[in-house]
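Close look at the chain arrangement
What follows is each chain in one-letter form.
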Amino acid sequence: MKTDHGVYAVRYAGMGELRQVEQWLAMNKATDFATWKSAVALNHIQSFNFVYAGRDQHIYFVHNSEMPRRNPGWNWQHYLPGDRSESSSGMPICHLNSYPRLPTQRRALF
C-alpha cells in the first residue's frame, strides 16, 4: 500500500486460517454455556462479536479475535519498521479471558 509517508506491508492475525467453519459449527451445536464458551475459545475466527443467550437465562457478550500480544519493546503509537519480524510476528495470541467481554449472572436481567 503506497501513501505519501511511504510504502506499507499489511499483515493481520489469522491470515490463512481455514478452521473458522469448525468454530462456527461447534458454536452452533452447543447446547449449554460451557460448551459454547469452549467453542469460542477455539479462536479460529479472526474478529467477531458474539452474544450467548441460553435457556438457562445466562447472557454473555465477548469480542473474539486472533489478537497477538504486542511486543512491549516497540512504541505502538509510532510507525513500526517493516523489515523486522519481532514487532509482532511470532507473538502469542491473546487468551479468551483477556478479550473484551460482558458476562452476566444467571437471572441478572430477569
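Rules and cut-offs
Residue positions are counted from 1 within each chain, in the order its sequence is given. For this predicted model, a pLDDT threshold of at least 70 governs which residues receive local features, and a threshold of 80 or more governs which side-chain atom pairs are given and counted, while totals over whole chains, interfaces and linings are taken from all residues. To get the side-chain values, all heavy atoms of the structure are used, and hydrogens and water are removed first. Only runs of H or I of at least four residues qualify as helices and only runs of E of at least two qualify as strands under DSSP, and these elements are numbered from the N terminus. Each residue's exposure class comes from its accessible area (1.4 Å probe, protein chains only) as a fraction of the maximum for that residue type: buried when under 20%, exposed when over 50%, partly exposed otherwise. Any two residues having at least one pair of non-hydrogen atoms within 4.5 Å are treated as being in contact. Put simply, a salt bridge is a Lys or Arg side-chain nitrogen that is within 4 Å of an Asp or Glu carboxyl oxygen. Two rings from Phe, Tyr or Trp (for Trp, the six-membered ring) form a pair when their centres are within 6.5 Å of each other. A pair whose planes differ by under 30 degrees is stacked, one over 60 is edge-to-face, and the rest are tilted. A score from 0 to 100, pLDDT tells how confident the predictor is in each residue. Nonpolar cores were defined as sets of buried Ala, Val, Leu, Ile, Met, Phe, Trp, Tyr and Cys residues, with membership established by side-chain atoms within 4.5 Å. Angular values range over 0 to 180 degrees, each being the angle between N-to-C directions of two axes fitted as lines to C-alpha atoms, with helices fitted over their stretch in contact. When describing relative orientation, an angle under 35 degrees is termed roughly parallel and one over 145 degrees roughly antiparallel, while 65 to 115 degrees is termed roughly perpendicular and anything else oblique. Three residue categories are used. Nonpolar comprises Ala, Val, Leu, Ile, Met, Phe, Trp, Tyr, Cys and Pro, charged comprises Asp, Glu, Lys and Arg, and polar comprises the others, including Gly.

As a further point, take the overall build of the protein. Across its full length, the protein carries two helices and three strands. Of the regular secondary structure in the protein, the N- to C-terminal order runs α-α-β-β-β. Going through the 110 residues of the protein one by one, you find that 26% of them count as buried. Counted over contacts in the protein with a minimum sequence separation of 6, partners at least 24 positions apart contribute 48%.

Another point: the environment of Ile-45. Summarising the element assignment, Ile-45 is placed in the loop between α2 (33-40) and β1 (47-53). Ile-45 sits 20 residues away from Ser-65 along the chain, and the two C-alpha atoms are 6.2 Å apart. When sequence neighbours within four positions are dropped, the list of residues in contact with Ile-45 reads Gln-20, Gln-23, Trp-24, Phe-50, Asn-64, Ser-65 and Glu-66.

Before going further, it helps to examine the pattern of salt bridges. Going through the model one piece at a time under the given rule, you end up with one salt bridge. The partner of Arg-19 in a salt bridge is Glu-17, with the nearest N and O atoms 2.8 Å apart. On the accessibility criterion, Arg-19 (43% relative accessible area) is partly exposed.

The next thing to look at is the environment of Phe-50. Considering the arrangement of structural elements, one finds Phe-50 in strand β1. We classify Phe-50 as buried; its relative accessible area is 5%. In the structure, Phe-50 is positioned 10 residues away from Tyr-60 in sequence and 8.1 Å away in space, judged by C-alpha atoms. Among all residues touching Phe-50, those that are not within four sequence positions of it are Gln-23, Trp-24, Met-27, Trp-36, Val-40, Ile-45, Tyr-60, Phe-61, Val-62 and Asn-64.

Evaluation of the coordinates by the stated rule reveals eight aromatic pairs. Ring centres 5.5 Å apart and planes at 75° place the aromatic pair Trp-24 and Phe-50 in the edge-to-face group. In this pair, Trp-24 sits in helix α1 (residues 20-29) while Phe-50 sits in strand β1, placing the two residues 26 residues apart along the sequence.

Attention now moves to the confidence of the model for the protein. In this model, the protein carries an average pLDDT of 77, and 74% of its residues clear a pLDDT of 70 or more. Ranking the elements of the protein by mean pLDDT puts strand β3 (residues 101-103) last with 67 and α1 first with 94.

Met-27, Ala-30, Phe-33, Trp-36, Ala-39, Val-40, Ile-45, Phe-50, Tyr-52, Tyr-60 and Val-62 form the largest nonpolar core, which has 11 residues in total. When contributions to this core are tallied by element, the ones reaching two or more residues are α2, β1 and β2 (59-65). Other than its neighbours up to four places away in sequence, Phe-33 contacts Tyr-52, Asp-56, His-58 and Tyr-60.

Looking now at the packing of α1 against α2. Between α1 and α2, whose axes approach to 8 Å, the crossing angle comes to 175°. As judged from the angle between their axes, α1 and α2 are roughly antiparallel. Counting all contacts with α1, which are made through Gln-23, Ala-26 and Met-27, the residues of α2 involved are Trp-36, Ala-39 and Val-40. Classifying every residue of the contact of α1 with α2 gives five nonpolar, one polar and no charged.

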